[in-house]
Amino acid sequence: MHQQIPITIRHQDMANAIRALAMDAVEQAQSGHPGMPMGMADVATVLFTQHLKFDPQDPLWANRDRFVLSAGHGSMLLYALLYLCGYADITLDEIKKFRQLGSRTAGHPEYGHAGGIETTTGPLGQGLANAVGMALAEKHLSATFGTDLINHYTYVIAGDGCLMEGISQEAISFAAHQQLHKLIVLFDDNQISIDGPTSLSTAENQTTRFEACGWHTITVNGHDPVEINRAITQAKNSTKPTLIACRTIIGFGAPKKAGTAATHGSPLGSEEIAGTRAKLGWNYPAFVVPEHIRQAWLDAAAKHSSTRLSWFDYVGKHPKGRILLNRLKGQPTTPIGPAITHLKQQMQNAAAKQATRQSSQQVLDILSPLLPELIGGSADLTGSNNTKAKNVAILDAQNPQGHYIHYGIREHAMAAMMNGLALYGGLIPFGGTFLVFSDYAKPAIRLSALMQQRVIYVLSHDSIGLGEDGPTHQPVEHLAALRAIPDLLVLRPADAIETAECWEIALHEHQKPSAIILTRQSVPLLRTNKQPDNLCRQGGYILVPSSTKPKVTLIATGSEVSIAVAACQQLSALNISCQVVSMPCWHLFDKQPHTYRQQVLGDDKQLRVAIEAAGDLGWHKYIGNHGIFIGMSGFGASAPAPALYQHFQITADHVVQKVQQSLSLTSQK
């Protein structure tokens, strides 16, 4: 067994190794943030050598403690720790390539670049909310599988900026309400931001604020290892989540710049680095960590190796062990294809006219019993989003085994916490709000895509079709904004069948988030043919073919597909051959072979008309410069939905009129 390293003997040298690597890497890159790693080196050293349960030989060990660097600008703190502890992905060469193209040591920690990086951070506050999601995942899976299989802590280092961002309030309030007592936040209370002292912009007492939310708080000298150690030990025994406010000096050790904003986001400079080395007694060249200090770090990192091996041996014999490991690998508990096919048959037989948000709930009703990994929720819009399946229990402090979360009116934190749930493994989170409120969640949605996490956003009330709530709630630009996010699948189904297919796509995409865009108003069933295949996988397909070569191709999404079908019927009665293309997902359609896309859209001689109750941004790549767009050119209004569609001329009659005008002009040329 490896012995714990006495903090009174080796602590200072071990902490100074972090400081030296941080200032040397930033200096070589001539870019970065040395101040935070230097200020929090003492805290990180105590955490990693005395408390954190991890094994660099298996960075994905399920029962490891999670460590999130929410203050991601201080990334060299994490990279130095990973190198010193012997994580294979972070070598000294990688430290020397800090912030360079192709390196694992990006400017801010990026999930997937190296073992030990639990999440992508940098946008302040995101990591804190991710960690709340991870702590919730731990509590849920511990309650589900037993504390003998899942039982660990989640630690976060957060800075002033993380706590100033509004997402932090949403996250800490939620964490306290859920009684996530195994969540410990180490607050780098250095009282410095980019502009200078934090007193320029805030006088908030963070410990009082956290206490008001229901947290346990402790204040320590962030450079006293004994105090830090005692505080973490106390926090681990708390019945509440804990904030440890660590009063630190940014750029600790720098003779002239310590305690100032000059160390926050700029290299120290060769003269200041020389002075820091002298002041710290670190008499070694750049990037050199003496063998005895490195070995002390390696010994500290190796002490949980036997714990990990014993855990795997125990899991292998446990009746629930194989189920847990399969879930953590992302393997579905039950194949969902047959259930989706059966539901589609039922929907076709019923042929009900209903909102796609209602169809979505039907999907959830059949999938929830099959997929215990599904964890749903809503930002206080459960009855509107239709996100709670029948007979699904609420997940709360009293029942952590539940599968439905009341996130409250916290869209931003909900999205970021769902990222944490997904990153943890073994869970598929989905959460609902109105499409217009996706703006509140956008930074976290973007990170879902950047990290390639299977997070499903259920966004209802998707157009002027929501009616009387008016332009404040009627999305116009939101589809374009979401479609602009790389690798986010934006799925806007036209009817019940497409809704089922879009859910199947979202659940099968292991490395992409999805946004399922749903109507408030009822829409007719359009897919009446008994087609078992998932046509939505192609992104776009011919819903209504033409009996002859079409002169017009009508392309639509969501609720406007039924308008396109009605318009096509009128055009056919006028002997104008047409076809209707339903295009629920641009991203998937764009990935189809060119020949397929050409077959669906028709040749350039055909008139193409796009119909969508939203702005036209992006549509011209499908309809060309001479195509027609029927949709919104400004904000909506407050009125019943049918009146709004008439007012904004998103109707079958208007489509027919515009087509006739265009064809008439073409024939005159």
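Coordinates for the structure precede this section.
K.L.:
Can you tell me about the overall build of the protein chain, naming the residues and giving the values?
P.N.:
Helices and strands together make up the secondary structure of the protein chain, namely 27 helices and 20 strands. Across its three principal axes, the protein chain shows a C-alpha extent of roughly 90 × 55 × 45 Å. Sequence separation of at least 24 residues holds for 77% of the intrachain contacts in the protein chain that already meet a minimum separation of 6. Just so you have it, the protein chain exposes about 25,300 Å², and 51% of that area is on carbon and sulfur atoms. When the 53 basic and 53 acidic side-chain charges of the protein chain are each reduced to a single mean position, those positions are 5 Å apart.

K.L.:
Describe the pairing of strand β2 (residues 154–159), listing the residues and the values that go with them.
P.N.:
Along a regular strand, successive side chains alternate from one face of the sheet to the other. With six of its six residues buried, β2 lies for the most part within the structure. Burial of β2 is two-sided: the residues Thr154, Val156 and Ala158 facing one way and the residues Tyr155, Ile157 and Gly159 facing the other way are all buried. Relative to β2, strand β1 (residues 66–69) runs parallel, the two sharing four bridges. Looking at β2, one finds that Phe67 is bridged to Tyr155. One ladder, built from six bridges, connects β2 with strand β3 (residues 183–189); its direction is parallel. Looking at β3, one finds that Ala158 is bridged to Phe187.

K.L.:
Quick rundown of the nonpolar core? Include the residues and the values.
P.N.:
Of all hydrophobic cores here, the largest spans 132 residues; its most connected members are Met76, Ile244 and Trp297. When neighbours within four sequence positions are excluded, Trp297 is seen to be in contact with Met14, Ala17, Ile18, Thr45, Phe48, Thr49, Leu81, Leu84 and Cys85.

K.L.:
Any chance you could break down unusual backbone geometry for me, citing the residues and the numbers?
P.N.:
A positive phi angle, near 55°, is found at His461, a position not held by glycine. On the secondary structure map, His461 appears in the loop between β12 (456–460) and α20 (478–483). By relative accessible area, which is 4% here, His461 ends up buried.

K.L.:
Give me the lowdown on the packing of aromatic side chains, citing residues and values where you can.
P.N.:
Summed over all chains, the structure comprises 17 aromatic pairs. Centroid distance Phe430 to Trp503: 5.5 Å. Interplanar angle 85°. Geometry classified as edge-to-face. Of this pair, Phe430 sits in strand β11 (residues 428–434) while Trp503 sits in helix α21 (residues 496–508), and the two are 73 residues apart along the sequence. By the burial criterion, Phe430 is buried, and Trp503 matches it. Ring geometry for Phe434 versus Phe437: centroids 5.8 Å apart, planes at 15°, classification stacked. For the pair Phe434 and Phe437, a shared accessibility class is recorded, and that class is buried. One aromatic cluster is present, built from ring pairs that chain together Trp586, Phe589, Tyr596, Trp619 and Tyr622. Directly above the aromatic system of Tyr83 lies the positively charged group of Arg294, at a separation of 4.2 Å from the ring centroid.

K.L.:
How would you explain the pattern of salt bridges if you had to name every residue and give the values?
P.N.:
With the rule as written, the count across this model stands at 21 salt bridges. Of the charged contacts, one joins Lys442 and Asp439 as a salt bridge, the two residues approaching to 3.3 Å between their closest N and O atoms. Note that Lys442 and Asp439 are positioned in helix α19 (residues 438–450) at a spacing of three residues, about one turn of the helix. Of the residues examined, Lys442 reaches a relative accessible area of 19% and is grouped as buried. A salt bridge links Arg492 to Asp462, with the nearest nitrogen and oxygen atoms 2.9 Å apart. Taken together, the positions of Arg492 in the loop between β13 (489–491) and α21 and Asp462 in the loop between β12 and α20 put the pair 30 residues apart, joining distant regions of the chain. Of the two residues, Arg492 and Asp462, neither departs from the other in class, the shared state being buried. Sharing partners across several salt bridges, the network here consists of Asp462, Arg483, Arg492, Glu560 and Glu612.

Reading the values: the criteria
Residues numbered from 1 in each chain as written. Predicted model: local features only at pLDDT ≥ 70, side-chain atom pairs only at ≥ 80, totals over all residues. Heavy atoms only, no water. Helix = DSSP H or I, 4+ residues; strand = E, 2+ residues; numbered from the N terminus. Contact = heavy atoms within 4.5 Å. Areas by Shrake-Rupley, 256 points an atom, 1.4 Å probe, with all protein chains shown as cover. Lys, Arg positive; Asp, Glu negative; His and termini not counted. Charge placed at Lys NZ, Arg CZ, Asp CG, Glu CD. Buried < 20%, exposed > 50% of the residue type's maximum accessible area, 1.4 Å probe, protein only. Pairing = 2+ DSSP bridges. Core = buried A, V, L, I, M, F, W, Y, C linked by side-chain atoms within 4.5 Å. Phe/Tyr/Trp six-rings, centres within 6.5 Å; stacked < 30°, edge-to-face > 60°. Lys NZ or Arg CZ within 6 Å of the ring centre and 35° of its normal. Salt bridge = Lys/Arg side-chain N within 4 Å of Asp/Glu carboxyl O.

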